[in-house]
Amino acid sequence: MIEINTLQEMNQWTQSKKKEGYNIGFVPTMGFLHEGHLSLIKRAQQKSDYIVMSVFVNPLQFGEGEDFQDYPRDKKRDKALAEKHGVDVFFYPRIEEMYPRPMSVSLNVHHGVDVLCGASRPGHFDGVATVVMKLFQIIQPDKAFFGMKDAQQVSVIQRMVNDFHFNIEIIPVEIIRENDGLAKSSRNVNLTISERKEAPKIYETIKKAKQLAKDKQMTSAAELELWTIEQLKVQLSGRIDYVQVLRFPDLTAIDKLEGKIILAVAVHYERARLIDNITWKQN
Ligand code: PAF
């Protein structure tokens, strides 16, 4: 594995591999790797000749008062894990080169962001789309791998790729969980002991909600949302940010539970905001 820190070197590396006819898989991350990221690498290995992983904590996607400073970072550990799991290029760009000056042109995502994290973190997906667009331009991958924990991110990036005619295949990868069901996240380290203990209730509850829908005990989105909110409220000390049932992947509102559905949840704890979701096809 090699480490690359400059945009020019990264771009040259890609050009040389492409000339030789190889295809490149890209795993974008903000570091502090966990098994969710490792599963993206594994998937990339099945589908690419070379794997580039970026580690860059993107300030543009954090709002005021959010956890940019607090976001966990450990480059040495990330690099060792990436190497151990078969990454070919560890791309670790400098912030001064990624954002040499305030952006004079940036992306504004205006579809599918009035719900879920887009609604509670205004501007977040503008920052995500802008940095992913930059990374795509620099790395020019053939395929890019994104975890389904951020299902809205997958949907936003897929639309950006379509809108801007990128020749990049977006590959969603299923959520990886701890043994007790909590979705793996870099932010889990910022939970207190008691928060960590109760956090698996989030997945337990959305799994039950899905079953209620599947068994036709509930047939409307509003009813399922309400049930989920009530269940979470009594079990969690964290503050519920949202519970939403939507059509997936277009993230539009639904009344009746039918077709491809996502039930997504966000919960605020003291130093961490957790998100999780479950998708299914309702017959
Ligand atoms: O999912 C993430 O870790 C980030 O949003 C991404 C895609 C690396 C962009 O900064």
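Cut-offs applied
- Position labels on residues start from 1 in each chain and follow its written sequence.
- Given that the model is predicted, a residue must reach a pLDDT of at least 70 before its local features are reported, and side-chain atom pairs must reach 80 or more before they are shown or counted; all residues, however, enter totals for whole chains, interfaces and linings.
- As a rule here, side-chain values come from all non-hydrogen atoms in the structure, and water together with hydrogens is ignored.
- Any residue with a heavy atom lying within 4 Å of a molecule or strand is counted as near it.
- Two N or O atoms form a polar contact when they lie within 3.5 Å of each other; inside protein one atom must be a possible hydrogen donor and the other a possible acceptor, and for residues adjacent in sequence the pair counts only when both atoms belong to side chains.
- For every accessible area listed, the method is Shrake-Rupley and the probe measures 1.4 Å; residues are considered covered only by the protein chains on display.
- Amino acids outside the nonpolar list (Ala, Val, Leu, Ile, Met, Phe, Trp, Tyr, Cys, Pro) and the charged list (Asp, Glu, Lys, Arg) are all regarded as polar, and Gly is one of them.
- Should DSSP find at least two bridges between two strands, the strands are regarded as paired.
- The way it works is that DSSP assigns letters per residue, a run of H or I at least four long becomes a helix, a run of E at least two long becomes a strand, and they are numbered from the N terminus.
- Here an angle of 0 to 180 degrees is reported between the N-to-C directions of two axes, which are lines fitted to C-alpha atoms, with helices fitted over the stretch in contact.
- By definition in these notes, contact holds between two residues if any of their heavy atoms fall within 4.5 Å.
- Counted as salt bridges are all cases of a side-chain nitrogen of Lys or Arg within 4 Å of a carboxyl oxygen of Asp or Glu.
- Exposed residues in this analysis have more than 50% of their type's maximum accessible area, buried residues have under 20%, and partly exposed residues fall in between, with area computed by a 1.4 Å probe over protein chains only.
- For Phe, Tyr and Trp, where Trp contributes only its six-membered ring, two rings pair if their centres lie within 6.5 Å, and the inter-plane angle classes them as stacked under 30 degrees, edge-to-face over 60, or tilted in between.
- A positively charged side chain is recorded as over a ring if its NZ (Lys) or CZ (Arg) lies within 6 Å of the ring centre. The angle to the ring normal must also be within 35 degrees.
- Orienting the strands away from the viewer, one traces the path from the first strand over the helix to the second; a clockwise path indicates a right-handed crossover.
- Note on angle classes: values under 35 degrees are labelled roughly parallel, values over 145 roughly antiparallel, values of 65 to 115 roughly perpendicular, and the remainder oblique.
- Take the number of residues in a helix, subtract one, and multiply by 1.5 Å to get its expected span.

1. Comments concerning the site of the ligand
Taken together, Pro28, Thr29, Met30, Asn58, Gln61, Val131, Phe146, Asp150 and Gln153 make up all the residues around the ligand. Between an oxygen atom of the ligand and a side-chain N or O atom of Gln61, the distance comes to 2.6 Å. In the model, an oxygen atom of the ligand is placed 2.7 Å from a nitrogen or oxygen of the Gln153 side chain. About the coverage of the ligand: the protein hides 89% of its 280 Å² of free accessible area. Within the shell around the ligand, the residues separate by chemical class into four nonpolar, four polar and one charged.

2. What to know about the sheet that holds strand β7 (residues 239-247)
Taken in spatial order, the three strands make up an open sheet running β7-β8-β9, and their pairing is antiparallel. Edge strands, defined here as strands with exactly one partner in the open sheet, are β7 and β9 (273-282). Strand-to-strand twist in this sheet, taken as the mean axis angle between neighbours without regard to direction, amounts to 10°. Two elements, strand β8 (residues 259-268) and β9, share 10 bridges in a ladder whose sense is antiparallel. In the sheet register, Gly259 faces β9, and the bridge partner there is Gln282. Its contacts with the sheet put helix α10 (residues 221-235) on β7, β8 and β9, and the angle it makes with β7 is roughly 155°.

3. Observations concerning the pattern of salt bridges
By the definition in use, this model includes 12 salt bridges. As a salt-bridge pair, Asp142 and Lys18 come within 3.9 Å of each other at their nearest N and O atoms. With Asp142 in the loop between α6 (124-139) and β5 (143-147) and Lys18 in helix α1 (residues 7-19), this residue pair connects regions lying 124 residues apart in the sequence. Judged by its relative accessible area of 29%, Lys18 falls in the partly exposed class. Taken together, the shared-partner salt bridges in this structure form one network comprising Glu3, Lys75 and Lys79.

4. Topic: the sheet that holds strand β6 (residues 169-173)
Pairing between the strands of a sheet comes from backbone hydrogen bonds, and it takes one of two forms, parallel or antiparallel. Reading across from one edge, β1-β4-β3-β2-β5-β6 is the order of the six strands in this open sheet, with parallel pairing throughout. Edge positions in the open sheet fall to β1 (2-4) and β6, since each of these has one partner strand only. Neighbour-to-neighbour, the strand axes of this sheet turn through a mean angle of 25°, independent of strand direction. Pairing of β1 with strand β4 (residues 89-91), which is carried by three bridges, proceeds in the parallel orientation. Bridge pairing in β4 links Glu3 to Phe90. Running over the sheet, helix α2 (residues 35-47) touches β2 (24-29), β3 (50-55), β5 and β6 and is turned about 150° from β5.

5. Description of the packing of aromatic side chains
Applying the stated criterion to the full structure yields eight aromatic pairs. Seen in terms of ring centroids, Trp13 and Tyr50 are 5.5 Å apart; in terms of plane orientation they differ by 90°. Their pairing is edge-to-face. On the criterion of sequence distance, the pair formed by Trp13 in helix α1 and Tyr50 in strand β3 is long-range, its members being 37 residues apart. Overall, Trp13 belongs to the buried group, its relative accessible area being 12%. An angle of 75° between the planes, with centres 5.8 Å apart, marks the rings of Phe62 and Tyr71 as edge-to-face. Through a chain of ring-to-ring contacts, three or more aromatic side chains come together here, namely Trp13, Tyr22 and Tyr50. Against the face of Phe68 rests Arg73, its NZ or CZ located 4.9 Å from the ring centre. The cationic tip of Lys75 hangs over the ring face of Tyr92; the distance from NZ or CZ to the ring centre is 4.5 Å.

6. Side note on the pairing of β6
As judged from the five bridges shared by β5 and β6, these two strands associate in the parallel manner. Bridge pairing links Gly147 to Val173 in β6. Handedness of the β5-helix α7 (residues 151-163)-β6 crossover: right-handed.

7. Notes on the packing of α1 against α6
It is at 7 Å that the axes of α1 and α6 come closest, and there the two elements cross at 55°. Looking at the two axes, α1 sits oblique to α6. Where α1 abuts α6, its residues Leu7, Met10, Asn11 and Thr14 lie against Gln137, Ile138 and Ile139. Class assignment of the residues belonging to the contact of α1 with α6 gives a composition of four nonpolar, three polar and no charged.

8. Some points on α2
Across its 13 residues, α2 extends 19 Å between first and last C-alpha, which sits within 8% of the 18 Å expected from 1.5 Å per residue. The complete set of buried residues in α2 reads Gly36, His37, Leu38, Ser39, Leu40, Ile41 and Ala44. Considering only its buried residues, α2 is in contact with β2, β3, β5 and β6.

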